[in-house]
Amino acid sequence: MLPRVALVSLDGCRQDCAMTQTVELPLWLFVLILLFAVVTFASHFLFPSVRWFFRRRLETAVRRLNKRLERPIEPFKLARRYDMIQRLIHDPAVMQAVSERAAEAGVPENVAFEEARRYAREIVPSFSAVAYFSFAIRAARFLSNAIYRVRVAHVDEPSVAGIDKNATVIFVMNHRSNMDYVLVTYLAADRSALSYAVGEWARVWPLSRLIRAMGAYFIRRRSRNELYRKVLAAYVRLATKGGVTQAIFPEGGLSLDGAMAQAKLGLLKYIVEGSEAQNGQDGKDVVFVPVALNYDRVLEDKILTSAARIGQRRFKARIGIIMFRMLRQFWLWLTGRYHRFGYAAVSFGRPLSLSEIAADRSQDARTKALSRELMARIGEAVPLAPVPVVAWILLHRGAMDRAGLEAEITRLTADLPLAHLHLPEGGEAHAVDVALRQLLRRRLLREGADGRLTIRDGQADLMSYYANSIAHLMPPPDPAPDLYEGTATDAVAENAASARL
């Protein structure tokens, strides 16, 4: 039998008085009522005070942080997520899209409005300066240096330093690996807090909560839903107008063959829209900073080349395989046999102001011109890391020994004076050693008794994958002798005619 609590009259009224008579309640119900009372008191009186206290502390910390950042954290990024969602779904363009969606689907407008709210909740981040600068930056620094030897191959410092402090900065990058997010977050830690556009792969709990706290916003890359695209466009437009420093991958997804792909126009178009709306108000510029990355080893290289072979872009890495590889690397570290995966090199190219793209064109034409120029500037900044260089030489110059590789790298250095050739300390000889250590350990190459290095059977795809990352920078292959030019043509023709006779 449950215990009961008796509430006894506290004044001199008669016991049958309705307001003061004794009431018996089960103990569990009394505890529940007391709990609701405590929660109500806390939510109305205590929590607001606590939130105000911590928010003041956070604002003080952000002010101190902004003093050491090149580009301070904008108020837009610090706005409450709920407020940002409300602002987004009440955007005039989104409201118009809601009406069109309701008419098209034959549903009430409030149903379409809730659909827009769901998309907004999916897209809008919940940035935490504490999570970003206390956890994310430290984790990114640790992972980057634990896996690679990180090097900044080139920075156009005068141009980067000359960017208007009031301009909205967008980092645009080639997409080689999911480590790109980690690496650039680490390297840009002293410049600003980056807001990434991340794909659907990151919408897995609890990873999604961490990524939202870092200020990233999720996008559906293949969505055909017009309402969703309007909500996404509105968010990017508001973020651009709000001066948020963003980081995007114009190619849209990871390169399957290692080569750079054409830019997707979606996000760039939304940024141009945001810039045009912004220029009508306060004239702020939008400046794109090209960032080019290259690796001696891409963690997903086998998954990507396998997807390229079958012609299927959708691929999944089973969690069991990932955990096994992580445990294996941890075991190698414990036993003193762990080696990092070579170099990860990053270059910051020539910034491009959107004002440099003629504004008298149509929006689509302006976006296409912008995408072409950005991909060209990213391409010219791609670092020549040791493994891609050696892979390109062996594929295009044929088998050779170590001395031959060193000589070829020396010749390439002379032929490509403007390329960002990342040579480790020790020059060409050390670069060859670094590359061959990776390629021989992974059994992509075979070194014969005579010292000649050849590509193993079945490994040409992986070698091409690394060579393709720098193929656009390499000199054209030596042309074969043309036997049908000038006087040689007549001689060859005469010899051929004699042979026929």
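Look up a bit, the structure's there.
Here the structure is a predicted model, which is why all the values come from computation and not from measurement. Note that residues are indexed from 1 along each chain, following the sequence as it is written. Per-residue local features of the predicted model are confined to residues with pLDDT of at least 70, and side-chain atom pairs are confined, for both listing and counting, to 80 or more; whole-chain, interface and lining totals are unaffected and use all residues. Just so you know, side-chain values use all the structure's heavy atoms and leave hydrogens and water out.

(A) Inspection of a nonpolar patch on the surface at higher detail. Patch building starts from residues that exceed 30% relative accessible area and form no salt bridge, then joins like charges within 9 Å and nonpolar side chains (Val, Leu, Ile, Met, Phe, Trp, Tyr) within 5 Å. Accessible areas in this description were obtained via Shrake-Rupley with a 1.4 Å probe; residue shielding takes into account the shown protein chains only. Salt bridge, as applied in this entry: a Lys or Arg side-chain nitrogen positioned within 4 Å of an Asp or Glu carboxyl oxygen. Nonpolar side chains collect at one region of the surface, where Leu 27, Phe 30, Val 31, Leu 34 and Val 38 lie side by side and expose about 410 Å² of accessible area between them. Labels follow the DSSP assignment, with helices taken as runs of H or I lasting at least four residues and strands as runs of E lasting at least two, numbered in each case from the N terminus. Mapped onto the fold, Leu 34 is located in helix 1 (residues 27-68). Residue exposure (1.4 Å probe, protein chains only): buried if accessible area is under 20% of the type maximum, exposed if over 50%, otherwise partly exposed. Residue classification places Leu 34 among the partly exposed positions, given a relative accessible area of 48%.

(B) Spatial organisation of the packing of aromatic side chains. Only centres within 6.5 Å qualify two rings of Phe, Tyr or Trp (six-membered ring in Trp) as a pair; their planes then separate them into stacked at under 30 degrees, edge-to-face at over 60, and tilted for everything else. All chains considered together, the criterion is met by 9 aromatic pairs. Each ring, one from Phe 171 and one from Phe 348, has its centre 6.5 Å from the other, and the planes form 80 degrees; the classification is edge-to-face. Taken together, the residues Phe 171 in strand 4 (residues 168-173) and Phe 348 in strand 9 (residues 343-348) connect sequence positions 177 residues apart. One exposure class covers both Phe 171 and Phe 348, and it is buried.

(C) Broad picture of the pattern of salt bridges. A complete count under the given rule lists 18 salt bridges for this structure. Taking the shortest distance from any N to any O, the salt bridge between Glu 447 and Arg 402 comes out at 3.3 Å. Of this pair, Glu 447 sits in strand 11 (residues 445-447) while Arg 402 sits in helix 16 (residues 402-415), placing them 45 residues apart in sequence. Using a relative accessible area of 30% as the deciding quantity, one classes Arg 402 as partly exposed. Between Glu 408 and Arg 411 there is a salt bridge, with the nearest N and O atoms lying 3.3 Å from each other. With Glu 408 and Arg 411 both in helix 16 and 3 residues apart, this pair spans about one turn of that helix. Glu 408 sits in the buried class, given a relative accessible area of 16%. Residue class for Arg 411 comes out partly exposed when judged on its relative accessible area of 33%.

(D) The arrangement of a positive patch on the surface in detail. His residues and chain termini do not enter the charge count, which takes Lys and Arg as positive and Asp and Glu as negative. Throughout, a charge is located at the NZ atom of Lys, the CZ atom of Arg, the CG atom of Asp or the CD atom of Glu. Positive charge collects at one region of the surface, where Arg 149, Arg 151, Arg 340, Arg 437 and Arg 441 lie side by side. When residues of the positive patch are traced back to their parent elements, those giving at least two are strand 3 (149-155) and helix 17 (427-441). Relative to the elements of secondary structure, Arg 340 occurs in the loop between helix 13 (319-334) and strand 9.

(E) Seen up close, helix 3 (residues 81-89). Within helix 3, the full set of buried residues consists of Met 84, Ile 85, Gln 86, Leu 88 and Ile 89. The contact criterion used throughout is that any non-hydrogen atoms of two residues lie within 4.5 Å. Where helix 3 is buried, its residues meet helix 2 (75-78), helix 4 (92-105), helix 5 (109-123) and helix 10 (226-241).

(F) Focus on unusual backbone geometry. Even without being glycine, Arg 443 reaches a positive phi, approximately 60 degrees. Among the secondary structure elements, Arg 443 is positioned in the loop between helix 17 and strand 11.

(G) Here's a closer look at the side chain of Arg 176. Along the polypeptide, Arg 176 turns up in the loop between strand 4 and helix 8 (179-187). Buried and unpaired, Arg 176 has no salt bridge, with Asp 180 as the nearest side chain of opposite charge at 6.9 Å. Excluding anything up to four places from it in sequence, Arg 176 contacts Leu 254, Gly 258, Leu 293, Asn 294, Tyr 295, Val 298, Leu 304, Tyr 465, Tyr 466 and Ser 469.

(H) Region of interest: empty space enclosed by the protein. We place a 1 Å grid over just the protein atoms. Points where a 1.4 Å probe fits but has no way out form a cavity, open points with protein on both sides within 12 Å along at least 5 of 7 lines form a pocket, and any residue with an atom within 4 Å of a point lines it. Grid points are joined across faces, edges and corners, and a volume is the space filled by probe spheres set on the points. Summed over all chains, the structure comprises 3 cavities of 30 Å³ or more. If you add up the space inside the largest cavity, you get close to 100 Å³. Phe 76, Lys 77, Ala 79, Arg 81, Met 84, Val 124, Pro 125, Phe 127, Ser 195, Gly 215, Tyr 235 and Val 244 are the residues that line the largest cavity. The set of elements that each furnish at least two residues to the lining of the largest cavity consists of helix 2 and helix 3. Note that Gly is not counted as nonpolar here; it falls among the polar residues with everything else outside the nonpolar set of Ala, Val, Leu, Ile, Met, Phe, Trp, Tyr, Cys and Pro and the charged set of Asp, Glu, Lys and Arg. When grouped by side-chain class, the residues that make up the lining of the largest cavity number 8 nonpolar, 2 polar and 2 charged.

Keep in mind these numbers describe shape, not what the thing actually does.
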